[in-house]
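Fold and geometry: a report
Read off the chains here:
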Amino acid sequence: VHRRKKLSCDPEYVNKAHKEGRFLSPPVSGRPSSSCVFVVRKDQDIYIQTLRKLFNESHGIFIGLQRSEEEFAGKSRKTQLVQVSKNYRSVIRACMEDMHQAAVSARDPALHSQYSTQVSILSAMELIWNLCEILFVEAAVAGPLLLRLLDWVRLHVCDVDNMVREVLSSENPSKHELFWNVVDVFVLQGRMDEARHLLSKEASANPTSVNMCRILDDLMKKMPVPSLGNTQTLTEMELKWQHWHEECQRYLQDGTFASNSHMESICKILLGDENAILEKKELMTTWYHFLVTRLLYSHPTVKPMELRFYAQSSMDLFLGGESSPEPLDTILMAAFEFELHQVIKECSIALSNWWFVAHLTDLLDHCKLLQSHNLYFGSNMREFLLLEYASGLFSHYSLWQLGVDYFDHCPEYGRVYLELHIERIPLNTEQKALKVLRICEQRQMHEQVRSICKIMAMKALRNNRLGSALSWSIRAKDAAFATLISDRFLKDYCEKGCFSDLDLIDNLGPSMLLSDRLTFLGKYREFHRLYGEKRFSEAAKLLLMLMTAHIAPCSFWMTLLTDALPLLEQKEVIFSAEQTYELMRCLEDLTAGKSDKQKFQDDDVETMKVEMLRLALARNLARVIVKEGTLEGS
Amino acid sequence: DGTSCVSVCARCLAKSDGVISIQDNRISIWSVGDLGNVGLNGEYQGEPQLLCDIRHNGDVMDMQFLDQERIVVASSTGNVTIFRHHQNNQTLSANQRWEKAHYHVDRDASCGGAACTGVICSNPEIVTVGEDGRINLFRADQKDAVRTIDNADSSTLHAVTFLRTTEILTVNSIGQLKIWDLRQQRNEPSQIFSLTGDRVPLHCVDRHPNQQHIVATGGQDGMLSIWDIRQGTMPVSLLNAHEAEMWEVHFHPSNPDHLFTCSEDGSLWHWDTSTSVSEKPSFLHQGGRSTTYFSHNTINQSVVSAWLSNDPTKDRMEITNLIPNQTLSVNSLDILGPCLVYGTDAEAIYVNRHLFA
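Residues numbered from 1 in each chain as written. Chains lettered and ligands numbered in written order. Predicted model: local features only at pLDDT ≥ 70, side-chain atom pairs only at ≥ 80, totals over all residues. Heavy atoms only, no water.

A count of helical and extended segments in chain A gives 32 helices and zero strands. Every one of the 634 residues in chain A was classed for burial, and the buried ones make up 50%. Long-range contacts, defined here as pairs at least 24 residues apart, represent 66% of the contacts in chain A between residues at least 6 apart. Carbon together with sulfur atoms contributes 54% to the accessible area of chain A, which is approximately 30,700 Å² in total. (Helix = DSSP H or I, 4+ residues; strand = E, 2+ residues; numbered from the N terminus. Buried < 20%, exposed > 50% of the residue type's maximum accessible area, 1.4 Å probe, protein only. Contact = heavy atoms within 4.5 Å. Areas by Shrake-Rupley, 256 points an atom, 1.4 Å probe, with all protein chains shown as cover.)

Okay, structure coming up:
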């Protein structure tokens, strides 16, 4: 974590127009532009391996938040929301840990620097989020507000940790050159107990300062701090504090600490002397640390609404006109000023992906803090940010599934966005297609279901997987496609003279009814089976039914009639007279339908077939009339 | 997507981020400490530790441990790869690969591969099935396939498992369960079973560890079917289970009265028939005890398995959903002893070390 944390240390990150994709640099005038192909990619961050945990875990928290109905009101709801906020932060921290590990173990310097940058960015995000949690979600009131801010500072200013550790672990801490720095750090951060502990070491090591140490220790011990519970009112606390402040003042003016400049400066800090505090700039490293220290020692009962004044002046004093505020500073300032929209806007600009603003805004929306003023393109801010974030997820090969849930919770445009995105997910395995289909079916997106099934069925058909293609058409209840597949089977049959994929056709079951052609296919195959099993009369009946019930397409009638030939030629009579008349009618229907020109074009084979059929039918008729006319013997 | 497969070996489990083509898919080996035993000093086991991982080309569709060190992985590109886990230096390396073991019409075309959807091993034999309807029989360390049945099925084969040492079971996307005898040379299944009613695709299959005639399958509609392959061509019982595709079904290898299923709807169910006491005649009880439970070994041999009973509700089968807050799909699960492992689309793996506590 660097001092004066920058949000985007790497200039490359800043230059990447993260929302609109990278722009091509304009060609230098007068010279032809280089002939390159640029790969433009939106939302680079989602491809960083170590951030995946962030996206996945936060998705779980997001869903949990949306699902938690407003069963609780008032205080318990607030507790619930604070818990959600803490969960988000712990996910950020976990991710930071992983990223840090990755940075440490990275051997490639470029990768190491990328990871380190990410650690900084995550750290800054957690810093901002934490402040927002204190000010907005928890909405700490005067009193607890200061305590929370102190915690916040202690958590995030870690530059000094090494120094502290070094001094504490040395043999003779009070002799260490950085001893007083560490005491100052503790005082600045309001860590009185730890400061007193170190002072006692000084007292035992240095007898001359025992008296001063005792007094200072006493002052530190007695310093009134706001309490979290309801043990004292603000007025009580203010009164105590005033007394204590005056006591410190007296000791200072009496020159009690005159002989030890360190302790004197500490006393001044306790009195809230701005200059004294400012002298310790290097130990505080940031203006917001300065702000909180100031508040601790000059105005511990600060009210939330008063923060803005102190914040502005603190920043001015600290930066002192040497440097201008950086993006992080602007964001924090906006937070202290309670300008929520400004915070969100600045974060959106500074960060390279929508994750942070989307989730934070959603949480703030649940806290009922965002007015529902519409942005000019119609949806409210929460929804806009969630839509942008989720859209970014959809370009990722696996995180798109998270995006679906985000769209679900965008009431206005979520569904439309989902419909458009889900159709564009590449479906390279059947399993993926099934997952996408399940999502569509659960949301009654019938158009998309049909479209996806058609794509999969077409792919299967092209790969000659007729069974798969049929399975997809059944899922979509797509009669037209089922007809297409059946035609393919029939075509194969006509060409090869036998059926392929019998395991499929023999086993159609109720799905046979999906399309007429499919029914025909199933029944036609049944006819063949009956014939193979020598159940001729049943086969004959079925064959006839296929034509008379118009299940068979007209184009196939010739084939069917030709199939009838062997039945007509059998030794025993199979077709009854009635049936034979029917067959003849079918044949006549078929030939009558042809125009004279077609008849002329018919080749010999065709005409011969028709002739043979007529002959066979006539012969059969003759035999059957005789048979039926004869009295049956017993 | 997310975590697509988990496979448990005695000491470690393999997990893979199943994803698509160009991106970063990995096979990872994790250590979960001693299974079933608390550490020597009673120490807390802690989280699974990542031991090693390796890039994988294509989605991982299925995988299984071949032996203590080798894992067979089925890829969406149609490749089947054996990875070896070197325990001395904790690395993974690709040991052997069968390129485009599964392919559509033109094997040499760049996109000609077809996803290999299922793999089952019985050292040294490996059987794979794929979206091309093909069945391959490989032998570890043998370069060419021992046997290939082209166009074994006109639809996609979703899963395969061993029935006996020379027979396999496959399920496909038109709701058929087929038995194949690998000793026979003909390329036809020796038996075909199918669902009644709609031909809902079947996605997973598993065989009872002790009673080999009992087979469980899971379908696209989340239905669990139990089959007795000695009789009939239809399932013995159909149990309405999940609300979406059932991805995997597993009998517990040593406690087969327990069955586990996981689904796209994000739930993982534990089916427990061990407490079922139907009106069995008393002479089947052990000795003079009028107990309400029996030791598992004796009951499996002497009594008709609870799985085949016609009325599971009468026999008090306990069904529990092991996932409290379900969100995304549970893609895969595996069990060994008291340890259950499952992986979800939220890119997470969960280890439950006290299944029967």
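Here we take up the overall build of chain B. Of regular secondary structure, chain B possesses one helix and 27 strands. Taking all 357 residues of chain B together, 61% fall into the buried category. For chain B, restricting intrachain contacts to residue pairs at least 6 apart in sequence, the fraction spanning at least 24 positions comes to 48%. For chain B, the exposed surface amounts to about 14,700 Å²; the carbon and sulfur share of it is 46%.

Before going further, it helps to spend a moment on the interface of chain B and chain A. Contacts between the two partners involve 49 residues from chain B and, on the opposite side, 40 residues from chain A. Counting each side, the surface lost to burial between chain B and chain A is near 3,600 Å², with a carbon and sulfur contribution of 45%. If you look at where chain B meets chain A, you find five salt bridges. Between arginine 52 of chain A and glutamate 347 of chain B there is a salt bridge whose closest N-O contact spans 2.9 Å. The tally of links between chain B and chain A comes to 24 residue pairs in polar contact (both at pLDDT 80 or more). (Buried area = accessible area lost by both parts, 1.4 Å probe. Salt bridge = Lys/Arg side-chain N within 4 Å of Asp/Glu carboxyl O. Polar contact = N/O pair within 3.5 Å; in protein donor to acceptor, adjacent residues only side chain to side chain.)

On to the sheet that holds strand E11 (residues 135–139) of chain B, then. All names here are of chain B. A sheet is described by the order of its strands in space; here four strands give the open sequence E9-E10-E11-E12, paired in antiparallel fashion. Both edges of this open sheet fall to strand E9 (116–122) and strand E12 (147–149), since each of them pairs with a single strand only. Ignoring strand direction, the axes of neighbouring strands in this sheet form an average angle of 15 degrees. (Pairing = 2+ DSSP bridges. Axes fitted to C-alpha atoms, helices over the stretch in contact; angles between N-to-C directions.)

The next subject is the state of the cysteines. All names here are of chain A. Under the counting rule described, the total for this entry stands at zero disulfides over all chains. Here cysteine 347 stays free of any disulfide, with the sulfur of cysteine 132 as its closest cysteine sulfur at 6.8 Å. This cysteine, cysteine 586, is not joined by any disulfide, and cysteine 554 carries the nearest cysteine sulfur, 9.9 Å off. (Disulfide = S-S within 2.5 Å.)

On to the packing of helix H20 (residues 400–408) of chain A against helix H21 (residues 414–422) of chain A, then. Residue and element names in this part refer to chain A. Closest axis-to-axis distance for the H20/H21 pair is 8 Å, and the angle between their directions is 155 degrees. It follows from the interaxial angle that H20 and H21 lie roughly antiparallel. With respect to the hand of their crossing, H20 and H21 are arranged in left-handed fashion. On H21, the residues that touch Val404, Phe407 and Asp408 of H20 are Gly414, Arg415, Tyr417, Leu418, His421 and Ile422. Along the lines of polarity and charge, the residues of the contact of H20 with H21 split into five nonpolar, two polar and two charged. (Parallel < 35°, antiparallel > 145°, perpendicular 65-115°, else oblique. Left-handed = near helix turned anticlockwise from the far one by under 90°. Nonpolar A, V, L, I, M, F, W, Y, C, P; charged D, E, K, R; others polar.)

Right, let's get into the pattern of salt bridges. Residue and element names in this part refer to chain A. Evaluation of the coordinates by the stated rule reveals 50 salt bridges over all chains. Across the pair aspartate 408 and arginine 443 runs a salt bridge, and its minimum N-O distance is 2.4 Å. On the criterion of sequence distance, the pair formed by aspartate 408 in helix H20 and arginine 443 in the loop between helix H22 (430–442) and helix H23 (446–462) is long-range, its members being 35 residues apart. Residue classification places aspartate 408 among the partly exposed residues on the basis of a relative accessible area of 36%. Among the residues examined, arginine 443 registers a relative accessible area of 16% and is labelled buried. Residues glutamate 441 and arginine 438 are paired through a salt bridge, measuring 3.9 Å at the closest nitrogen-oxygen approach.

A separate point is unusual backbone geometry. Omega for the bond connecting asparagine 123 of chain B with proline 124 of chain B falls within 30 degrees of zero, at 5 degrees, which places this linkage in the cis form. In this structure, proline 124 of chain B sits in the loop between E9 and strand E10 (125–130). One non-glycine residue, glutamine 444 of chain A, adopts positive backbone phi at about 50 degrees. For glutamine 444 of chain A, a relative accessible area of 52% puts it in the exposed group.

Turning our attention to the UniProt feature "repeat: WD" (unreviewed entry) in chain B. Here the UniProt-annotated "repeat: WD" (unreviewed entry) positions come out as residues 195–237 and 239–281 of chain B. Between the first and last C-alpha atoms of residues 195–237 of chain B the distance is 11 Å; the span itself is 0% helix and 44% strand. (UniProt positions renumbered as here; feature names shortened; annotations may be inferred.)

Owing to its 3.6 residues per turn, the α-helix aligns residues three or four sequence positions apart on the same side. All names here are of chain A. Between its first and last C-alpha, helix H18 (residues 355–366) extends 17 Å over 12 residues, near the 16 Å set by a 1.5 Å rise per residue. By the criterion of burial, H18 is predominantly enclosed, with 11 of the 12 residues buried. For H18, the complete set of buried residues consists of Trp355, Phe356, Val357, Ala358, His359, Leu360, Thr361, Asp362, Leu363, Leu364 and His366. Where H18 is buried, its residues meet helix H2 (52–67), helix H3 (75–105), helix H4 (109–137), helix H17 (340–350), helix H19 (381–394) and H20. Positive backbone phi, approximately 60 degrees, marks lysine 368, located one or two places after H18. (Expected span 1.5 Å × (residues − 1).)

Residue and element names in this part refer to chain B. Taken in spatial order, the four strands of this open sheet run E21-E22-E23-E24, and their pairing is antiparallel. Either end of the sheet is taken by a strand with one partner, and the two such strands are strand E21 (246–251) and strand E24 (318–321). Here the strands of the sheet are splayed against their neighbours by 15 degrees on average, with no regard to which way each runs.

Our focus in this paragraph is the side chain of arginine 207 of chain B. All names here are of chain B. Along the chain, arginine 207 turns up in strand E17 (residues 202–207). One buried charged residue, arginine 207, forms no salt bridge at all, with the nearest opposite charge on aspartate 206 at 6.7 Å. Here phenylalanine 162 takes part through its backbone oxygen, which lies 3.3 Å from a polar atom of the side chain of arginine 207. (Lys, Arg positive; Asp, Glu negative; His and termini not counted.)

Another aspect to go through is the pairing of strand E18 (residues 214–219) of chain B. Residue and element names in this part refer to chain B. Burial analysis of E18 places six of its six residues in the buried class, which makes it a mostly covered element. In E18, alternate side chains face the same way, and those of Ile214, Ala216 and Gly218 on one face and Val215, Thr217 and Gly219 on the other are all buried. As defined by bridge partners, E17 adjoins E18 across five bridges and the pair is classed as antiparallel. Pairing of aspartate 206 across the sheet is with alanine 216, part of E18. Between the end of E18 and the start of strand E19 (residues 223–228), which pair antiparallel, lie three residues, with glycine 222 showing a positive phi angle near 80 degrees.

Turning our attention to the packing of aromatic side chains. Residues and elements named next belong to chain A. Taken as a whole and judged by the stated rule, the model has 29 aromatic pairs over all chains. Seen in terms of ring centroids, phenylalanine 290 and phenylalanine 318 are 6.1 Å apart; in terms of plane orientation they differ by 40 degrees. Their pairing is tilted. One end of the pair, phenylalanine 290, is in helix H14 (residues 287–298); the other, phenylalanine 318, is in helix H15 (residues 307–319), with 28 residues separating them in the sequence. Phenylalanine 318 carries the same exposure label as phenylalanine 290, and that label is buried. Among the aromatic residues, those joined into a ring-pair cluster are Tyr493, Phe520, Tyr524, Phe527, Tyr531, Phe536 and Phe556. (Phe/Tyr/Trp six-rings, centres within 6.5 Å; stacked < 30°, edge-to-face > 60°.)

This paragraph deals with helix H8 (residues 192–205) of chain A. Residue and element names in this part refer to chain A. Here H8 contains 14 residues, and its C-alpha end-to-end distance of 20 Å stays within 8% of the 20 Å for a straight helix at 1.5 Å per residue. Among the residues making up H8, those that are buried are Met192, Ala195, Leu198, Leu199, Glu202 and Ala203. Take H8 and look down its axis: the buried residues cluster within an arc of 150 degrees, on one side only. Summarising the geometry of H8, the exposed residues directed more than 90 degrees from the buried face are Asp193 and Ser204. Buried residues along H8 sit in contact with helix H6 (161–169), helix H7 (179–188), helix H9 (210–222), helix H11 (261–270) and H14. (Arc of directions from axis to C-beta.)

Our next topic: the environment of glutamine 242 of chain A. For glutamine 242 of chain A, the location among the structural elements is in helix H10 (residues 234–253). For glutamine 242 of chain A and proline 224 of chain A, which are 18 residues apart along the polypeptide, the C-alpha to C-alpha distance reads 9.4 Å.

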